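# An overview of the molecular structure
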Amino acid sequence: MTQTNNNMTVNPDLAMERAKCNFNVLEVTHIFDGGERNTLQRKKIEDVALNSGASKDALGEEHMSPKEKYENAVRKSCIYATMMKNELAELSGLESFGVSSPVIRRTADAFFKEVSPFLLHLGMFVPTIMGQCTPEQQSYWLPRALDMQIIGTYAQTELGHGTFIRGLETTATYDPETEEFVLHSPTLSSYKWWAGGLGKTVNYCIVVAQLYTKGECHGTHPFIVQIRDEDTHVPLPGIKVGEIGPKMGFNTADNGFLGFDHYRIPREHMLMKNAQVLKDGTYVKVARHGKLTYGTMVFVRVVLVNEVAFNLAKASTIAVRYSAIRRQSKPKPDEVEPQILDYVTQQHKLFIAIATAHALQLCSTWLWESFSAVLAQMKGGNTDTLPEFHALSSCLKAISTSDSAHLIEQCRHACGGHGYMISSGIPNLYNFVSATRTYEGDYTVLLLQTARFLVKAYEQAEAKKPLTPTVSYLAHAFSGSRATWDNSPDGIIRSFQALAAGKTAVCVTNMRKRMRAGLSQVDAWEMSTIQLVAAAEAHCRAVIADTYRKEIVRLTANSSPNVKVVMDQLTTLYLYYWALERTGDLLMFTSVSQKDLVDLQIAYEELLLKIRPNAVGLVDAFDLRDELLHSTLGSYDGRVYERLMEEALKSPMNKEPVSDAYSKYLRPMMKGKL
Ligand SMILES: CCCCC/C=C\C/C=C\C/C=C\CCCCC(=O)SCCNC(=O)CCNC(=O)[C@H](O)C(C)(C)COP(=O)(O)OP(=O)(O)OC[C@H]1O[C@@H](n2cnc3c(N)ncnc32)[C@H](O)[C@@H]1OP(=O)(O)O
Ligand SMILES: Cc1cc2nc3c(=O)[nH]c(=O)nc-3n(C[C@H](O)[C@H](O)[C@H](O)COP(=O)(O)OP(=O)(O)OC[C@H]3O[C@@H](n4cnc5c(N)ncnc54)[C@H](O)[C@@H]3O)c2cc1C
């Protein structure tokens, strides 16, 4: 039986859940939007972008051929880009449209079940122009790029190398005679590979290549390169470009390959903010830090934490709403089948997903603010805070993407068979987010970057030198005794820090032992990398836990009592969950006893029950319109079975009563005539 609510027919179980929610949902929405004003502004943007129906497809994307899917994605990208230039630019209060605004990103998702072929234009091409060009170069390129007169991408990765940027093979050799760079792909493995939009969409790209001048190699540098004619879109002579083929996801992103045959570009097309080549070929280093050319990657790593938090919020909304309407099994024979959300194991799967979406959302805002502070200092020529920020953004990118991918898959498990339907929305979310664990720096590789910083910080702590804020806890690593366990939130956070310090200490000790036994520093490091990755992960979990807790306490200082309670319950759940996931480590590095852990498990289970009545309210607070969810299982009205059937009937397979395959193959085979 269904119930009508605000002119909408709502599943009665969902209506009941909403009736029993005991906190003000809108208040929580405001917290995560950063205030009521932002919520109103976001809703206005969503109304303008989505109410016209321009985001809808006549035929579901999943039923289109690859070519149709791509063309449809370009069509909608153009509609959305035009909206951004016109209606949305003013509404979003952005000086330049689109660049990294989470609201604009969020709204754009309504237009694409997978991704826009313009993602790299806005996500990396424009940010590279902003971050790597001189003011003169910027004034030439930025207006054209922002106005979409040119469309670009970021072509760094090659067939042979993605992680090891210093190993890239594409060359850019300066010719002082003509004042040009000659771009060349000397081998098959030097072909650029993966850049989004490169296959068919863009006419420009940022190319990262080894710079040679006066016979000397100066390492990788970025160049802006035209690859297609601005009018006909035909690839220019000397350019070999195409699309790389079907992938697990990102199938509307036309990721491409690109090779150069002695292709010439003007000298001014080297992005010269951090290093320059003068007309006579003299190389001049401008930047005070050698890794500033990696700046766009750092920017995207920061953005990605927000991006995956948003996608996890979507998956948890779908799975929690579905779990409220789905009834299964009969543990008590005299009662009706329970909602699957009543099973404690289901709550264990789902509430950590909600808490993690909150934790990552708040960490992403905090990380963005830290990034702005680092950029402001660097503007004044001070790069002192960059190593700590690189270590921080690396581990947060690695852990947030990996945790989100894992939890999105867990949300799919929580939806049983129906979660496997494309129309549930979860497979597309998983395919998108699982890629984020690899691109923009692979998980292991980035955690090893953080580990480098941790080891150095540990050595500084050992020498009683001052420590930077995110690793200040390492100063307590030398007390000689195990950290005292205490199950208060602050106590658990201290234990997580003790765990990170303990793991780092083990790594340092083992590396020193191995070196004393004759291993080189490089080999001793390599042999310790499993533990170094674990130390960096532990550090990151301590940072996330600490930031989440502090931010929630700060943001709910003036909230109504029930909002305070439910937010406190979720942060506590997050801390208990990770303590229980790491019991072995806690036993190694803190004074926790077996009894403490048994008690903690019981406290965790009781907490799940306390959160249970508010579960639907908590996902409603993400305030994700149906257009953003793209889900038969997660829509606000909970008409799950009706939607599943409606979607099934749209399948082209159902257009004819008997498939052609019957007369072609089945019948002859069954009649013995094949
Ligand atoms: C509508 C609006 C839209 C907005 C968009 C919104 C959302 C979407 C967002 C994004 C777009 C979407 C999709 C993106 C698709 C994916 C794009 C890509 O993948 S682009 C390619 C990315 N590639 C990588 O990330 C490569 C990873 N590799 C590296 O980063 C490096 O090679 C390395 C692993 C870090 C090693 O570098 P290197 O060999 O040069 O350095 P080391 O010798 O190891 O270290 C020396 C030293 O330098 C420090 N360091 C390294 N990197 C940095 C850095 N970035 N910043 C500061 N410092 C750095 C390192 O720590 C060492 O220090 P020390 O220990 O002191 O010696
Ligand atoms: C969907 C998608 C979109 C992309 N878009 C772009 C784009 O627009 N532009 C662009 O330039 N690139 C893009 N990429 C490429 C992406 O940045 C790289 O794939 C990524 O950086 C990983 O590099 P790799 O593929 O070389 O992996 P590899 O480095 O070959 O990794 C393979 C394995 O080796 C391990 N490994 C590698 N090095 C080490 C090490 N030093 N220590 C320990 N383990 C190691 C890794 O952990 C991993 O398990 C995209 C990739 C994907 C999947």
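Before reading further, recall that the structure is shown in the block above.
Residues numbered from 1 in each chain as written. Chains lettered and ligands numbered in written order. Predicted model: local features only at pLDDT ≥ 70, side-chain atom pairs only at ≥ 80, totals over all residues. Heavy atoms only, no water.

### A closer look at the overall build of the chain
The cut-off we apply is this: A run of H or I in DSSP counts as a helix once it spans at least four residues, and a run of E counts as a strand once it spans at least two, with each numbered from the N terminus. Between the two quantities, the radius of gyration covers C-alpha atoms and the globule rule is 2.2 Å times the number of residues to the power 0.38. For each residue, the accessible area found with a 1.4 Å probe, counting protein chains only, is set against the maximum for its type, and the residue is called buried under 20%, exposed over 50%, and partly exposed in between. Contact criterion: two residues are considered in contact whenever any of their non-hydrogen atoms come within 4.5 Å of each other. Surface accessibility in these figures is a Shrake-Rupley result with a 1.4 Å probe; residues are shielded only by whichever protein chains are displayed. The charged-residue count follows a simple rule in which Lys and Arg add positive charge and Asp and Glu add negative charge, with His and chain termini not counted at all. The atoms used to mark charge sites are NZ of Lys, CZ of Arg, CG of Asp and CD of Glu.
Along the chain, the regular secondary structure elements total 22 helices and 13 strands. The C-alpha atoms of the chain give 27 Å as radius of gyration, which agrees with the globular expectation for 674 residues (26 Å, within 12%). Along the three orthogonal principal directions, the C-alpha set of the chain runs to about 90 × 75 × 65 Å. Counting over 674 residues, the chain shows a buried share of 54%. Considering only intrachain contacts with a sequence separation of at least 6, the fraction spanning at least 24 residues in the chain is 73%. Accessible surface computed for the chain: about 30100 Å², of which carbon and sulfur atoms make up 55%. Averaging the locations of the 71 positively and 72 negatively charged side chains of the chain gives two centres separated by 3 Å.

### Here we look at the packing of aromatic side chains
Aromatic rings in a pair are described by how distant their centres are and how their planes are angled relative to each other. The condition that has to hold: Here is the rule: rings of Phe, Tyr and Trp (six-membered ring for Trp) pair when centre to centre is within 6.5 Å. Planes less than 30 degrees apart are stacked, more than 60 are edge-to-face, and the remainder are tilted. Cation placement over rings: the criterion is NZ of Lys or CZ of Arg within 6 Å of the ring centroid and within 35° of the ring normal.
Under the definition given, this model contains 17 aromatic pairs. Ring geometry for phenylalanine 250 versus phenylalanine 432: centroids 5.3 Å apart, planes at 15°, classification stacked. Of this pair, phenylalanine 250 sits in the loop between β9 (239–243) and β10 (256–260) while phenylalanine 432 sits in helix α11 (residues 426–436), placing them 182 residues apart in sequence. Above the ring of tyrosine 636, the side-chain terminus of arginine 18 is found at 3.6 Å from the ring centroid. Here the guanidinium or amino end of arginine 541 rests over the ring plane of tryptophan 578, the centre of that ring lying 3.6 Å away.

### Focus on the site of ligand 2
Which entries qualify depends on this criterion: We call a residue near a given molecule or strand whenever any one of its heavy atoms falls within 4 Å of it. Each polar contact in these results corresponds to two N or O atoms within 3.5 Å; when the atoms are within protein, one needs to be able to donate a hydrogen and the other to accept it, and residues that are neighboring in sequence are counted only if both atoms are side-chain atoms. Residue classes follow a fixed rule: Ala, Val, Leu, Ile, Met, Phe, Trp, Tyr, Cys and Pro count as nonpolar, while Asp, Glu, Lys and Arg count as charged, and any other residue, Gly among them, counts as polar. Residue ranges for the domains trace back to a domain assignment, done automatically or taken from a database.
Neighbouring ligand 2 are 20 residues; Tyr154, Thr157, Gly162, Thr163 and Asp442 lie closest to it. In the model, an oxygen atom of ligand 2 is placed 3.0 Å from a nitrogen or oxygen of the glutamine 156 main chain. At a separation of 3.5 Å, a nitrogen atom of ligand 2 approaches a polar backbone atom of tryptophan 194. When residues of the shell around ligand 2 are assigned to their parent elements, the largest contribution, three residues, is made by helix α12 (residues 443–462). Its residues placed into classes, the shell around ligand 2 shows nine nonpolar, nine polar and two charged. Built from parts of two domains, the shell around ligand 2 gets at least three residues from each of domain 1 (121–287) and domain 2 (443–620).

### With respect to the sheet that holds β9
Just so we agree on the cut-off: At least two DSSP bridges between two strands are needed for those strands to be called paired.
One open sheet accounts for three strands, arranged β6-β10-β9; its pairing is antiparallel. The sheet is open, and its two edges are formed by β6 (192–193) and β9, each paired on a single side. Sheet topology note: the β9/β10 ladder contains five bridges and is antiparallel. Paired with isoleucine 239 across the strands is phenylalanine 260, a residue of β10.

### Here we look at the pattern of salt bridges
Our working rule: Counted as salt bridges are all cases of a side-chain nitrogen of Lys or Arg within 4 Å of a carboxyl oxygen of Asp or Glu.
Tallied over the entire structure, the rule returns 42 salt bridges. We note a salt bridge from arginine 541 to aspartate 403, for which the minimum N-O separation is 2.7 Å. Separated by 138 residues along the polypeptide, arginine 541 in helix α15 (residues 529–555) and aspartate 403 in helix α10 (residues 386–414) bring together distant segments of the chain. Residue class for arginine 541 comes out buried when judged on its relative accessible area of 9%. For the salt bridge of aspartate 599 with lysine 595, the shortest nitrogen-to-oxygen distance reads 2.6 Å. On the criterion of helical spacing, the pair formed by aspartate 599 and lysine 595 is a turn pair, its members being four residues apart in helix α18 (residues 594–611). Since its relative accessible area comes to 56%, lysine 595 is described here as exposed. By sharing partners, the salt bridges in this structure join Asp33, Arg42, Lys43, Glu46, Arg106 and Asp623 into a single network.

### A closer look at the pairing of β10
With four of five residues buried, β10 lies mostly within the body of the structure. As defined by bridge partners, β6 adjoins β10 across two bridges and the pair is classed as antiparallel. The residue bridging tryptophan 193 from the neighbouring strand is phenylalanine 257, located in β10.

### What about the packing of helix α8 (residues 295–325) against α11?
Selection rule: To get an axis, a line is fitted to the C-alpha atoms, and for a helix only the part in contact is used. The angle between two axes follows their N-to-C directions and goes from 0 to 180 degrees. Should an angle lie under 35 degrees it is considered roughly parallel, over 145 roughly antiparallel, and from 65 to 115 roughly perpendicular; all remaining angles are considered oblique. Crossing handedness follows the turn of the near helix against the far one: under a right angle anticlockwise gives a left-handed crossing, and clockwise gives a right-handed one.
In contact at an axis separation of 10 Å, α8 and α11 are set at 155° when each is read in the N-to-C sense. Classified by the angle their axes make, α8 and α11 are roughly antiparallel. By crossing handedness, the relation of α8 to α11 is classed as left-handed. Every residue of α11 that contacts α8 at Leu304, Glu307, Val308, Asn311, Lys314, Ala315 and Ile318 is listed here: Ile426, Leu429, Phe432, Val433 and Thr436. Among the residues making up the contact of α8 with α11, the classes are represented as eight nonpolar, two polar and two charged.

### Section: the pairing of strand β4 (residues 171–175)
Most of β4 sits inside the fold, with four of its five residues counted as buried. Here five bridges tie β4 to strand β5 (residues 180–184), and the two strands are oriented antiparallel to one another. Bridging from a neighbouring strand, aspartate 175 pairs with glutamate 180 of β5. Between β4 and β5, which pair antiparallel one after the other, the connecting turn spans four residues, and glutamate 179 there sits at a positive phi close to 55°.

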